[in-house]
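Tertiary structure, described
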Number of protein chains: 2
Amino acid sequence: MIILVDAMGGDNAPDAVIKGTVKAIKDIKAEVLLIGNEKIINSKVKEFYGKNNISELSDRIKIFNATQTIEMEDTPTVAIKQKKDSSMVVGFNLLKEKKGDVFISAGNSGALLTGATLLVGRIKGIDRPALAGILPAYKSRLLLIDAGSNTNCKPINLLQFAQMSTIYLKNTYGIEKPTIGLLNIGTEETKGNELTKESYKLLKEKSKELNINFIGNIEGRDAFSGKIDAVVTDGFTGNIFLKAVEGIGKLVKKSLSENLKRNILTTIASIPAIPAIKKFAKTMDYKEYGGALFLGVKRPVVKAHGSSDEKLFEFTIKQAEKFVENKAVDNMIEEFEKANNKNEKILDN
Amino acid sequence: MIILVDAMGGDNAPDAVIKGTVKAIKDIKAEVLLIGNEKIINSKVKEFYGKNNISELSDRIKIFNATQTIEMEDTPTVAIKQKKDSSMVVGFNLLKEKKGDVFISAGNSGALLTGATLLVGRIKGIDRPALAGILPAYKSRLLLIDAGSNTNCKPINLLQFAQMSTIYLKNTYGIEKPTIGLLNIGTEETKGNELTKESYKLLKEKSKELNINFIGNIEGRDAFSGKIDAVVTDGFTGNIFLKAVEGIGKLVKKSLSENLKRNILTTIASIPAIPAIKKFAKTMDYKEYGGALFLGVKRPVVKAHGSSDEKLFEFTIKQAEKFVENKAVDNMIEEFEKANNKNEKILDN
């Protein structure tokens, strides 16, 4: 397996990407191909290795030269079309040509999503690929789709998000009948805006036929109970939801550590409790849940958080290996093909 | 001052309402008028007092009989129009007739908002009154408006929410120039859906003239930094945001206490840290921030959380006293009147 990594993407690139790769390589079997400015990557690798007294680069870390970088300010479509030798476009092309099995980037989100759709291509039967984010939940996790790629959605998109979540959760976590909810502001079917009302109807109507275990409207207050495996929503609402969770996570971390540090006595006294608190903080840190998966394109694409640090890159690389091992994308292609053939047969008759 | 309380509204009514009132009365100067079924309230009061060996009811707690109750399942407009002797409608009428200074209810949210608008009336110059929720923020608080009353909004509504927040925060917290952000999925002005893009333009254009300290788009991840006093949004998005915070709050509470309880050694060892952790949990508990204020109607209306317990009722009653003392509603009426007169003058010329 080859994991393609955009070494130039994200706020902390290339340092955090390289350090994360070096850390991850010990725990994975795959090869990592760092894509970007060869000279810079080479010198950074040496600098980092020198400081850490690591004698030599693992033979499973390789570099692929790309002379351009897509910046955060670049207009997505323009950048993808014009920066043909950027680390991101090169990465997508390698992925398309099957010279790698998954592509990870923390770069310009818009460009990543545009590039994945334009260069790698959509799975037949999926109108809008979408970002699936993994959030903490009680003794479990919550898949949020769309976490931010499609600002405007139609009910059919949300139905397809539900199908993709079902396939992904089954393959990756072995959940036989993942519970899928529609993110809404009330549980009654008449609640919400036009999109949620129409989507509710469509999901209810189609769920049996498509093997979706649709459990109705879900409010955010109940979403983290561990009883819901995925919530589907449009990319605007999903992103609002995701960032509310992220904001509260930051507040939790800051408030908890300050409350414990407030005076030296409390600090000392709380030392025995620290493992428990640390474990708690870990549960709450959405970063522990890694990158978001871009579901609905023909090959695996992982969007790492823009502000990923080396720890998060390490985690995301490991997560990407699992993503490939579990063959969620291949299964998705297969299942949608089956559904398409069925539809075509129906149309033929 | 008279605080009108719907004794029959909410999941835990009337018990939690009565107990909360009894607890709050010691700390407030106002009189509380419990509205609802006199017999039930009377017997509950006696039962509760008997158990707690309290010799007599404070002479500042009074009961006002109302024979009907609006249920959670009732259709808001129908209930408000037909259940004329319900605790909620009676409460609104007393408020309108100035036989009380503020009305609190944990009952049917839709009915409460409909009743407030229909029976108490909108402030001239405000097209859509809106729920303002108070959330925790770093060493501060965050006002969220609209927290859930208007599913569909226009840019003019968001502009008025910004005006109302400014007046409210100035009066209640003494913040001279409250910072107001537009809740969005990115900070650039081109980000978001149609509503946020149009609202951004309108807020930017009008903020100087209307004395709004508009600081642009705000993402949820930065909303709790303590640097932002209020975020404005439509009621659908606001409610999604509010409930995400609520859901994470529940997860935090559950995970933290379980992590600490996991084994007896950790539990004992963590005892000295408990005050700090408790303080932290308190900071994170949105219930500590009380009810949501329904801004834009002519008299103060407070929507208590539907699942309010006695502690939360106690807090909400105290909060309501402050809400009246600070005269935020009177000032709102005055400022909007000024603005209206100015506009009329401009039209006259």
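Residues numbered from 1 in each chain as written. Chains lettered and ligands numbered in written order. Predicted model: local features only at pLDDT ≥ 70, side-chain atom pairs only at ≥ 80, totals over all residues. Heavy atoms only, no water.

**Section: the overall build of chain A**
- Per the secondary structure count, chain A includes 13 helices and eleven strands.
- Taken over 349 residues, chain A has a buried fraction of 55%.
- Sequence-distant contacts in chain A: of pairs separated by 6 or more residues, those separated by 24 or more amount to 72%.
- For chain A, the computed accessible surface area is about 15400 Å², with 50% contributed by carbon and sulfur atoms. (Helix = DSSP H or I, 4+ residues; strand = E, 2+ residues; numbered from the N terminus. Buried < 20%, exposed > 50% of the residue type's maximum accessible area, 1.4 Å probe, protein only. Contact = heavy atoms within 4.5 Å. Areas by Shrake-Rupley, 256 points an atom, 1.4 Å probe, with all protein chains shown as cover.)

**Structural notes on the pattern of salt bridges**
- A complete count under the given rule lists 28 salt bridges over all chains for this structure.
- Between Asp74(B) and Lys83(B) there is a salt bridge, and its shortest N-O distance comes to 2.7 Å.
- What you see here is one network of salt bridges that share partners, running through Glu219(A), Arg221(A), Lys243(B) and Glu246(B). (Salt bridge = Lys/Arg side-chain N within 4 Å of Asp/Glu carboxyl O.)

**Comments concerning the environment of Ala230(B)**
- Assignment of secondary structure puts Ala230(B) in strand β9 (residues 230–232).
- Excluding its chain neighbours within four sequence positions, the residues that come into contact with Ala230(B) are Leu142(B), Leu143(B), Ser165(B), Leu169(B), Thr179(B), Ile180(B) and Gly181(B).

**Digging into the sheet that holds strand β11 (residues 301–303) of chain A**
All names here are of chain A.
- Taken together, the eleven strands give an open sheet; going across it, the order is β3-β2-β1-β4-β11-β10-β5-β6-β9-β7-β8, and neighbouring strands pair in mixed fashion. With one partner strand each, in any of the chains shown, β3 (61–65) and β8 (213–218) form the two edges of the open sheet. With strand direction ignored, the average angle separating the axes of adjacent strands in the sheet is 30°.
- Where strand β10 (residues 292–295) and β11 come together, two bridges link them in antiparallel fashion. Residue alanine 292 lies in a different strand from β11, and its bridge partner there is lysine 303.
- Its contacts with the sheet put helix α5 (residues 109–120) on β4 (102–105), β5 (130–137), β10 and β11, and the angle it makes with β11 is roughly 170°. (Pairing = 2+ DSSP bridges. Axes fitted to C-alpha atoms, helices over the stretch in contact; angles between N-to-C directions.)

**Some thoughts on the sheet that holds β9(B)**
All names here are of chain B.
- With mixed pairing, the eleven strands of this open sheet are ordered in space as β3-β2-β1-β4-β11-β10-β5-β6-β9-β7-β8. Edge positions in the open sheet fall to β3 (61–65) and β8 (213–218), since each of these has one partner strand only. Here the strands of the sheet are splayed against their neighbours by 30° on average, with no regard to which way each runs.
- The sheet contact formed by strand β7 (residues 179–183) and β8 spans four bridges and is parallel. Along β8, the bridge assignment pairs leucine 182 with asparagine 217.
- Docked against the sheet, helix α5 (residues 109–120) engages β4 (102–105), β5 (130–137), β10 (292–295) and β11 (301–303), running at close to 170° with respect to β11.

**Points about the nonpolar core**
- Grouped together as the largest cluster of nonpolar side chains are 93 residues, with contacts concentrated most on Phe241(A) and Phe241(B).
- The greatest single-element share of this core, amounting to nine residues, is contributed by helix α9 (residues 235–261) of chain B.
- Non-local contacts of Phe241(B), meaning those with residues more than four positions away in its chain, are made with Ile240(A), Ala244(A), Leu135(B), Leu142(B), Leu144(B), Leu183(B), Gly220(B), Ala223(B) and Phe224(B). (Core = buried A, V, L, I, M, F, W, Y, C linked by side-chain atoms within 4.5 Å.)

**Topic: the confidence of the model for chain A**
- Chain-level statistics for chain A give a pLDDT mean of 89 and a share of 88% at 70 or above.
- ipTM for the predicted complex: 0.89, alongside a pTM of 0.90. (pLDDT = per-residue confidence, 0-100.)

**Digging into the packing of aromatic side chains**
Residues and elements named next belong to chain B.
- Within the structure shown, the criterion is met by ten aromatic pairs over all chains.
- Taking 5.0 Å as the distance between ring centres and 65° as the angle between the ring planes, the aromatic pair formed by phenylalanine 92 and phenylalanine 103 counts as edge-to-face. Here phenylalanine 103 lies in strand β4 and phenylalanine 92 lies in helix α4 (residues 87–96), a separation of eleven residues in the sequence. Pair check on accessibility: phenylalanine 92 and phenylalanine 103 agree, each one buried. (Phe/Tyr/Trp six-rings, centres within 6.5 Å; stacked < 30°, edge-to-face > 60°.)

**What to know about the side chain of Asn239(B)**
- When you line up the elements, Asn239(B) lands in helix α9.
- One polar contact links Asn239(B) to Lys243(B), side chain to side chain, over a distance of 2.8 Å.
- Residues within four places of Asn239(B) in sequence aside, it is in contact with Ile185(A), Asp146(B), Ala147(B) and Gly148(B). (Polar contact = N/O pair within 3.5 Å; in protein donor to acceptor, adjacent residues only side chain to side chain.)

**Quick look at the side chain of Thr166(A)**
Residues and elements named next belong to chain A.
- Residue placement: threonine 166 occurs in helix α6 (residues 155–173).
- Threonine 166 sits in the buried class, given a relative accessible area of 8%.
- When sequence neighbours within four positions are dropped, the list of residues in contact with threonine 166 reads Pro178, Ile180, Asn211 and Ile212.

**Side note on the packing of helix α4 (residues 87–96) of chain A against α5(A)**
Residue and element names in this part refer to chain A.
- Running from N to C, α4 and α5 cross one another at 35°; their axes reach a closest spacing of 10 Å. Along this stretch, α4 crosses α5, giving a crossing that reads as right-handed. The segment α4 lies against α5, with Met88, Val89, Phe92, Asn93, Leu95 and Lys96 engaging Ala111, Leu112, Gly115, Ala116, Leu119 and Val120.
- Residue composition of the contact of α4 with α5, by class: nine nonpolar, two polar and one charged. (Left-handed = near helix turned anticlockwise from the far one by under 90°. Nonpolar A, V, L, I, M, F, W, Y, C, P; charged D, E, K, R; others polar.)

**Topic: the pairing of β10(B)**
All names here are of chain B.
- Here β10 shows no split at all, with Ala292 and Phe294 on one side and Leu293 and Leu295 on the other all buried.
- The sheet contact formed by β5 and β10 spans three bridges and is antiparallel. Of the residues in β10, the one forming a bridge with alanine 132 is leucine 293.
- Counted along the chain from β10 to the antiparallel partner β11, the turn is five residues long, and its residue glycine 296 has a positive phi close to 115°.

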